[in-house]
Each structure stands twice: as C-alpha cells, then as structure tokens.
Amino acid sequence: QGWGSEGRAEWNARFAPLGAANMGIGGDRTQSILWRIAHGALESLHPELVVLKIGVNNLWEEVSQCGTDKVADGVAACVTAIHAHCPDARVLVLGILPTQAAPDHPLRAIVRAVNARSAALVSTPDGRVHFADIGAAFLEPDGHISTDVMPDGCHLSPRGYALFADALEPLVQGMLNPR
C-alpha cells in the first residue's frame, strides 16, 4: 500500500509505465490475500508477472502459535491461488523484509527462517516462480535498519521505497524479459 504514498514517486517512475497495478493493502496477512483471490480479485486479469510480498503481518500471532512453517505455508498457498487464477503468469515472491532496528532482535531470525522455507516451497526449476530475498538492501553495514529507511523498524520511508525500487526493478525486468 505504501507504493501509493511514501513510494509514489518511485512507483510512478519505474512501475506504472509497465502497466503495473498495486493491490497491496497495509496490514494484510496471507489469509487476506487468499480471501481476496477467492472472491474475484484476479478475475479477468491476465498479468505477465505477479509480484507477491506478504507475510510480515503473519509473524506477530502465527509464529508464536503455530511456528514459522505456518507463515511459509501461507505464502506458498498464495502462489498456488495466483496460479489457479492466472496460470500463465510468472510469480516473483519477495521475502519478508528485515524488521526491527537491531540486528539481534529475535524477529530477524524468524524472518530468515520463514524466508528460507518460503524459498524452498515456492521456487520452481523453470523459473516461473522465483523467490528473492532483497532484505540486505535495507540494512546498514552493521546490520541495523536506519530510521531514514524504516522510521519504525517496519514501514518504509520514501528513501526505503527508493531502495526497494532499486532492488525490485531488475528482478521485474528479468522476469518480464527472460533470456
């Protein structure tokens, strides 16, 4: 959702010219995506590429109740649902971004575990589904997250969206124009 506010300039410069549609909603969880897909969000759409960034909002409750596998399984279910409605689309799944400023915060290890399992579950040998962890783009050399990038340790600032676009744009271009 932040591409429409803090990230608007980057979106308009880099992704809007591709005919991209932003369907992100702040606070979304994998269950929300699955519900929207089941209730028509992708009807009549024939995208060449779907970029999926989901999972951070599942961390707070589900990890403590069900473990990291539950979150990764939800990400994989979203990919399955996307392909059920858009079978010709390539899917780029983005890992959960690092969260919380300190590199030793317990959520950092949880994010790494979810991302590793998600990558194993969704990546396909033919490259039609690709997992990318772009989290390093948001970290200082010592592993901290600057408040200039994520003022609250979770949500991106305009500078954070510039870093996001720098990391995302070549991935999108590579999947739209496979060699």
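Refer to the structure presented above.
Quick caveat: nothing in here was measured; it's all calculated off a predicted structure. (Residues numbered from 1 in each chain as written. Predicted model: local features only at pLDDT ≥ 70, side-chain atom pairs only at ≥ 80, totals over all residues. Heavy atoms only, no water.)

Enquirer: What should I look at first to understand the pattern of salt bridges in this one?
Expert: Where side chains of opposite charge bring their charged atoms close, a pairing between them can arise. All told, the structure shown has seven salt bridges when counted by the stated rule. When the shortest N-O distance is used, the salt bridge between Glu169 and Arg14 registers 3.1 Å. In this pair, Glu169 sits in helix α6 (residues 158-176) while Arg14 sits in helix α1 (residues 8-15), placing the two residues 155 residues apart along the sequence. With a shortest N-O distance of 3.5 Å, Arg90 and Glu48 are connected by a salt bridge. In this pair, Arg90 sits in strand β2 (residues 90-94) while Glu48 sits in the loop between α2 (30-38) and β1 (49-53), placing the two residues 42 residues apart along the sequence. One continuous salt-bridge network, built from bridges that share partners, spans Glu10, Arg14, Asp166 and Glu169. (Salt bridge = Lys/Arg side-chain N within 4 Å of Asp/Glu carboxyl O. Helix = DSSP H or I, 4+ residues; strand = E, 2+ residues; numbered from the N terminus.)

Enquirer: Sorry if this is basic, but what is going on with the packing of helix α3 (residues 56-66) against helix α4 (residues 68-85) here?
Expert: A packed helix pair is summarised by two numbers, namely the angle formed by the two axes and the spacing between the axes. The interhelical angle for the contact between α3 and α4, taken along N-to-C directions, is 125°, at an axis separation of 7 Å. As far as their axial angle goes, α4 and α3 are oblique. Contacts between α3 and α4 involve Asn58, Glu62, Val63 and Cys66 from the first element and Thr68, Lys70 and Val71 from the second. (Axes fitted to C-alpha atoms, helices over the stretch in contact; angles between N-to-C directions. Parallel < 35°, antiparallel > 145°, perpendicular 65-115°, else oblique. Contact = heavy atoms within 4.5 Å.)

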